[in-house]
Amino acid sequence: MQTFSYTRAETVEDAVRSVAGAGPRTCFIAGGTTLYDLMKLNLETPNKIVDITGLRDLNHIDAGGHSELVFGALARMSDVAAHPQIADEYPAISESLWRAASQQLRNVATLGGNLLQRTRCVYFRGGEPFACNKRDPGSGCAAQQGNDRGHALLGGSSSCVAVYPGDLAVALVAFDAKIDVLGVTGERTIAVEALHREPGTSPNVETTLKSGELILRVRVPKTTMGRASTYHKIRDRESYAFALASAAVALDMDGDTVRDARIAIGGLATRPWRARAAEQVLAGKTLSQRTARQAGDAALHEAKPGRNNSFRIELGARTVADALMIARQRA
Amino acid sequence: MTADEQAADQAARGESERVDVTLTVNGETRSLAIDPRTSLLDLLREHLALTGAKKGCDHGQCGACTVHLDGRRIVSCLMPAVQTDGRAVKTIEALASPNGELHPMQRAFIDHDALQCGYCTPGQIMAAVACVDEGHAGSTEEIREYMSGNICRCGAYVGVVSAIQDAAAKMRRT
Ligand SMILES: Cc1cc2nc3c(=O)[nH]c(=O)nc-3n(C[C@H](O)[C@H](O)[C@H](O)COP(=O)(O)OP(=O)(O)OC[C@H]3O[C@@H](n4cnc5c(N)ncnc54)[C@H](O)[C@@H]3O)c2cc1C
Ligand code: SF4
Ligand code: FES
Ligand code: FES
């Protein structure tokens, strides 16, 4: 691991000032479960780290407001997952958290860090021997010549097909959540859906954040659809693994008829993926096994399989369909 | 040399500026000047000779290094030790009573044959104690879900689950 200097930020302004303009090798650390892990692999090589975990006013979980849920960027995954009101009124958000990582990691990992976690592409993490445009722009993409079983079917490019691995962001995108970020020029708000970039020709640029911008909080508009929601996650093993396919869905039902549906999918795309075409398939229809499956097919309609991952088209469609039937039970 | 020059000089020699940390480990206050690259796991094992917590993967993937930080279970390999300043760590070494009487979870792991080689066991036990304390040991399914962060290469999982069910009943009584 590279050597680095370590400082603790006292205020949010202090944190932003220390990182903005200090160059690409200065960064924030929150729980460290992504950053420190990648530093051990020499994939992140900061020379200065600013610890933000002492910023107490970013720890809050506020579900009591009129119009929105508000989570401080430093709220821990385990605390948000276990919050009784979130578990009850927004099961998709709670499930996207407790079905991620392990309780040991969730006790440390923060929501802000979670949104910014990096891909688990084995060729990216494997380092040197493998060509990787994300790690070493212009070197190529070993995944597309190699085993792409776990790689993206949606949103990829000839430069990179790495999956965005996070679960929470998928649920947040389904609920039209936003984040507030603080930079040197002040605060701005970004839709979670606009936070992550598709790789295009520059897979090394993963988000729309500017250097030194600090995520302050996540805001989720309140909706009664929250109760009829789920985060359904399919993995190689039953627990403690990243998604092969996942779906966050929420329903507004009028009897058996769908008034409104929200569908986002994870584990299949290069960024959290809102499946609006699938939502439209259901609007005004009776929800049945058949229409749920039609929505699943619509969600994967634009999927472009690689060498070893075409099975995840069927898997993804079924995951969406099953998620809809689970949410239906909660309506 | 100015402080900046000194830091640059240290970096050139592959050394980091030391950082002072003071933490409580198993009830004792410890103050050390450490390289900020040090993980809590390495601090415990290499600096304090507490070798109970094990290094399996060093990447948060196996749970062998599980300890409690301010009463909550964490993987110590992914915790930079500098972030534990002012905090309290508890390791497997402090689980039994000072008189040597085993914690109910330790007793249950023996009674239920919840291990073979034992390498994952300190992590399993620290995770299991927290699993019960959190209220996540209500059913077999819940135990399996909330213990999934602890991998056992020997496959002692069945024994682990029954040990936790047994110990949970005793822990709730005390
Ligand atoms: C073994 C393992 C399994 C996992 N499984 C899953 C899983 O199944 N599903 C899943 O979703 N995740 C999973 N994860 C990922 C885990 O959830 C993330 O590592 C964690 O949420 C990151 O949060 P952190 O606070 O530790 O972030 P850090 O590592 O501290 O930070 C991550 C990045 O975000 C930046 N950052 C952090 N906070 C802010 C902020 N407030 N503003 C601006 N930038 C910030 C940092 O500079 C860094 O670049 C797994 C991780 C491991 C190690
Ligand atoms: S898919 Fe992306 S991250 Fe993986 S090897 Fe190719 S360029 Fe690198
Ligand atoms: S050594 Fe820490 S999780 Fe494996
Ligand atoms: S007892 Fe050997 S790894 Fe678990």
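Up top you'll find the structure we're talking about.
Since this is a predicted model, take the numbers as computed values, not measurements. (Residues numbered from 1 in each chain as written. Chains lettered and ligands numbered in written order. Predicted model: local features only at pLDDT ≥ 70, side-chain atom pairs only at ≥ 80, totals over all residues. Heavy atoms only, no water.)

Let us look at the overall build of chain A. The helix and strand inventory of chain A stands at 13 helices and 12 strands. Dimensions of chain A, computed from C-alpha atoms along their principal axes, come out at roughly 60 × 50 × 35 Å. For chain A, the proportion of its 331 residues judged to be buried stands at 58%. Put simply, 64% of the contacts in chain A that link residues at least 6 apart link residues at least 24 apart. Accessible surface, chain A: about 13,100 Å² in total, of which carbon and sulfur atoms supply 48%. (Helix = DSSP H or I, 4+ residues; strand = E, 2+ residues; numbered from the N terminus. Buried < 20%, exposed > 50% of the residue type's maximum accessible area, 1.4 Å probe, protein only. Contact = heavy atoms within 4.5 Å. Areas by Shrake-Rupley, 256 points an atom, 1.4 Å probe, with all protein chains shown as cover.)

Another aspect to go through is the sheet that holds strand S1 (residues 19-25) of chain B. Residues and elements named next belong to chain B. Ordered by their spatial adjacency, five strands build an open sheet running S2-S1-S5-S3-S4, and the pairing between neighbours is mixed. Edge positions in the sheet fall to strand S2 (28-34) and strand S4 (72-75), since each of these pairs with one other strand and no more. Direction aside, the axes of adjacent strands within the sheet are offset by 40 degrees on average. When strand S3 (residues 66-69) meets strand S5 (residues 88-90), the two strands line up antiparallel, connected through two bridges. (Pairing = 2+ DSSP bridges. Axes fitted to C-alpha atoms, helices over the stretch in contact; angles between N-to-C directions.)

The subject of this paragraph is the site of ligand 2. Around ligand 2 there are 15 residues in total, and Cys121(A), Cys132(A), Cys141(A), Cys160(A) and Val161(A) lie nearest to it. Class assignment for the residues of the shell around ligand 2 results in 11 nonpolar, three polar and one charged. (Near = heavy atom within 4 Å. Nonpolar A, V, L, I, M, F, W, Y, C, P; charged D, E, K, R; others polar.)

Here we take up helix H13 (residues 311-330) of chain A. All names here are of chain A. Between its first and last C-alpha, H13 extends 29 Å over 20 residues, near the 28 Å set by a 1.5 Å rise per residue. Residues of H13 that are buried: Arg312, Gly316, Ala317, Thr319, Val320, Ala321, Ala323, Leu324, Met325 and Ala327. Packed against the buried residues of H13 are strand S9 (229-234), strand S10 (245-254), strand S11 (257-266), helix H11 (276-282) and helix H12 (289-299). (Expected span 1.5 Å × (residues − 1).)

Close contacts around ligand 1 come from 32 residues, with Phe28(A), Thr33(A), Thr34(A), Thr110(A) and Asp167(A) the closest. Residues lining ligand 1 come from chains A and B. At 2.8 Å from an oxygen atom of ligand 1 is found a main-chain nitrogen or oxygen belonging to Ala30(A). Take Thr34(A): an N or O atom from its side chain is 2.7 Å from an oxygen atom of ligand 1. Of all elements in the fold, only strand S2 (26-29), helix H7 (111-115) and strand S8 (214-221) of chain A reach the threshold of two or more residues within the shell around ligand 1. (Polar contact = N/O pair within 3.5 Å; in protein donor to acceptor, adjacent residues only side chain to side chain.)

We now examine the sheet that holds strand S12 (residues 273-274) of chain A. All names here are of chain A. With respect to topology, four strands assemble into an open sheet ordered S9-S10-S11-S12, the strand pairing being antiparallel. Edge positions in the sheet fall to S9 and S12, since each of these pairs with one other strand and no more. As defined by bridge partners, S10 adjoins S11 across nine bridges and the pair is classed as antiparallel. Across the sheet, residue Asp252 finds its bridge partner in S11, namely Asp260. H13 contacts S9, S10 and S11 of the sheet and is inclined by roughly 40 degrees relative to S10.

All names here are of chain A. Taken as a whole and judged by the stated rule, the model has two aromatic pairs over all chains. Aromatic pair Tyr90 and Phe175: ring centres 5.7 Å apart, planes at 75 degrees, arrangement edge-to-face. Taken as a pair, Tyr90 in the loop between helix H4 (84-89) and helix H5 (91-98) and Phe175 in the loop between helix H10 (168-174) and strand S6 (178-183) lie far apart in primary sequence, 85 residues in all. With a centroid separation of 5.2 Å and an interplanar angle of 80 degrees, the aromatic rings of Tyr123 and Phe130 are classed as edge-to-face. Its relative accessible area of 13% is what places Tyr123 among the buried residues. (Phe/Tyr/Trp six-rings, centres within 6.5 Å; stacked < 30°, edge-to-face > 60°.)

Residue and element names in this part refer to chain B. Inspection of the secondary structure puts Thr121 in helix H4 (residues 121-134). A relative accessible area of 10% means that Thr121 is categorised as buried. If we ignore the near neighbours within four places in the chain, the residues touching Thr121 are Phe109 and Leu115.

As a further point, take the packing of helix H3 (residues 104-111) of chain B against helix H6 (residues 157-173) of chain B. Residues and elements named next belong to chain B. Two elements in contact, H3 and H6, have axes whose closest approach is 8 Å; the angle formed by their N-to-C orientations is 145 degrees. Crossing of H3 over H6 shows right-handed handedness. Facing H3, whose interface residues are Pro104, Met105, Ala108 and Phe109, H6 presents Val160, Ala163, Ile164, Asp166, Ala167, Lys170 and Met171. The class makeup of the residues in the contact of H3 with H6 is nine nonpolar, no polar and two charged. (Left-handed = near helix turned anticlockwise from the far one by under 90°.)

Taken residue by residue, the interface counts 37 residues in chain B and 33 residues in chain A. For the pair chain B and chain A, the summed buried area comes to about 2,800 Å², and 50% of that belongs to carbon and sulfur atoms. A per-residue breakdown of the area chain B buries against chain A is headed by Arg37(B), Arg72(B) and Leu78(B), which together make up 22% of the total. Between chain B and chain A we count two salt bridges in total. Of the charged contacts, one joins Arg72(B) and Asp79(A) as a salt bridge, the two residues approaching to 3.0 Å between their closest N and O atoms. (Buried area = accessible area lost by both parts, 1.4 Å probe. Salt bridge = Lys/Arg side-chain N within 4 Å of Asp/Glu carboxyl O.)

Let us now look at the packing of H12(A) against H13(A). All names here are of chain A. Running from amino to carboxyl end, H12 crosses H13 at an angle of 135 degrees, the nearest separation of the two axes being 8 Å. Between H12 and H13, the angle is such that the two are oblique. As for how H12 packs across H13, the hand of that crossing is right-handed. For the pair formed by H12 and H13, the contact residues are Gln289, Ala292, Arg293, Ala295, Gly296, Asp297 and Ala299 on the first element and Glu314, Ala317, Arg318, Val320, Ala321, Leu324 and Met325 on the second. Among the residues making up the contact of H12 with H13, the classes are represented as eight nonpolar, two polar and four charged. (Parallel < 35°, antiparallel > 145°, perpendicular 65-115°, else oblique.)

Moving on, we get to the nonpolar core. Ranked by size, the top nonpolar core spans 41 residues in total, and within it Ile93(A), Leu172(A), Ile179(A) and Val220(A) carry the most contacts. Looking at this core, the elements that each hand over two or more residues are strand S5 (68-72), helix H3 (77-82), H5, H7, H10, S6, S8 and S10 of chain A. With seven residues, the top contributor of residues to this core is H10(A). Discounting residues that sit within four places of it in the chain, Val220(A) has contacts with Ser67(A), Glu68(A), Leu69(A), Phe71(A), Ile93(A), Leu172(A), Phe175(A) and Ala177(A). One finds Phe4(A), Val108(A), Val25(B) and Leu43(B) within the second-largest nonpolar core, a separate group that totals 35 residues. (Core = buried A, V, L, I, M, F, W, Y, C linked by side-chain atoms within 4.5 Å.)

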